[in-house]
Amino acid sequence: MSVSVLSARTALVTGASSGIGWETARLLAGLGATVLVHARTTAEAEAAVARLVADGARRDQLVELAADFTHLSEVAVLAGTVVKHYPALDLLVNNAAVMAPERCTLTDDGNEVSFQVNFLAGHLLAKLLRAPLSAADGARIVNVSSALHRTASMNWSDPHRVKKYSRVAAYAQSQLALTMDTAEMAPDGSGITAVSVNPGQCETALLPLYGRVGAPAAEGAAAVVRLCLPDFPVVNGAYYDGGSVAPTAQAAQEERSKKRLAKLADQLVGQAA
């Protein structure tokens, strides 16, 4: 693979301080992209960039950005910074994710924390970054999902699962929502293509949720980066596993459910949008 295949392209990778996100940033930088390295705090972003440089990435290709996705206002500020400095954005990799806690935990915005960090933040970013994504030639959004989304169901009457909470069900629902929302992030005429991908079970902070041995995070990142390459053809709204289109949960195939989710998400991100 040519080290210049992504030169002159700009990519925002969320949750890039560790795991699949950091490895994705490393691979994209290695292919020539300017990478906006997002982390929860400035210190974490700076540390991630320092590790990338130590690993061989060029410092002038890396930009650190910080936003705590448990605060939607910070997501909006992050988007505003990107819009201001990057009129064209070629890639948005929605990778940031947290494990749902043992007990139902609501953010200051009133949303279950994994639903907000793993889904609503990505939904809001895609919305607020529509202009720079549309301005790029053939921009892509890659949502890092999970095979667990197939086990999930949307709890429409109680999306934050306050009444009956299970951390596995909450996390799986957040991944289902992200997968369902993928096509909505790239509406007809926007010039954007959006896909979701199962990176496989990797050695990341989320592995305990699966309770199994994981592959190196770099393997998961390779699956993500494959979908970022301009010469790798993708189908808008599709879910990928192992480099090919894979079946999704039934809800992700229902237009009515996808529209309902987009409307709910718009309501929940509310004033931040």
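What counts as what
- Once a new chain begins, its residue numbering starts again from 1 and follows that chain's sequence as written.
- Reporting of local features is limited, given that this is a predicted model, to residues whose pLDDT is at least 70; pairs of side-chain atoms are given and counted only at 80 or more, and all residues count toward the totals for whole chains, interfaces and linings.
- The side-chain figures draw on all heavy atoms in the structure; neither hydrogens nor water molecules are used.
- Residues are called lining when one of their atoms sits within 4 Å of a cavity or pocket point, these points coming from a 1 Å grid over the protein atoms alone, where a cavity is a set in which a 1.4 Å probe fits but cannot get out and a pocket is an open set with protein on both sides within 12 Å along at least five of seven lines.
- Grid points are joined across faces, edges and corners, and a volume is the space filled by probe spheres set on the points.
- A run of H or I in DSSP becomes a helix once it reaches four residues, and a run of E becomes a strand once it reaches two; helices and strands are each numbered from the N terminus.
- Side-chain classes are defined by residue name, with Ala, Val, Leu, Ile, Met, Phe, Trp, Tyr, Cys and Pro counting as nonpolar, Asp, Glu, Lys and Arg as charged, and the others, Gly among them, as polar.
- Exposure is judged per residue with a 1.4 Å probe applied to protein chains only, and the accessible area is read against the type maximum: over 50% gives exposed, under 20% gives buried, and values in between give partly exposed.

S.K.: Could you give me a rundown of empty space enclosed by the protein, with the residues and numbers involved?
M.R.: Scanning the entire structure with this criterion turns up 1 cavity of 30 Å³ or more. Roughly 50 Å³ of internal volume is contained in the largest cavity. Around the largest cavity sit T14, F69, N94, N95, A96, V117, N118, A121, G122 and L178, which together line it. The element that contributes the greatest number of residues to the lining of the largest cavity is helix α4 (residues 113–128), accounting for 4 residues. Classifying every residue of the lining of the largest cavity by side-chain character gives 5 nonpolar, 5 polar and no charged.

S.K.: How would you summarise unusual backbone geometry if you had to cite specific residues and measurements?
M.R.: The phi dihedral of A8 falls on the positive side, at around 70°, and the residue is not glycine. Structurally, A8 can be placed in the segment before β1 (10–13). Taking relative accessible area as the criterion, A8 reaches 80% and is therefore assigned exposed. Even without a glycine there, the phi angle at R161 is positive, about 55°. Note on placement: R161 falls in the loop between β5 (140–144) and α6 (167–181). Exposure remark for R161: the relative accessible area of 9% places this residue in the buried category.

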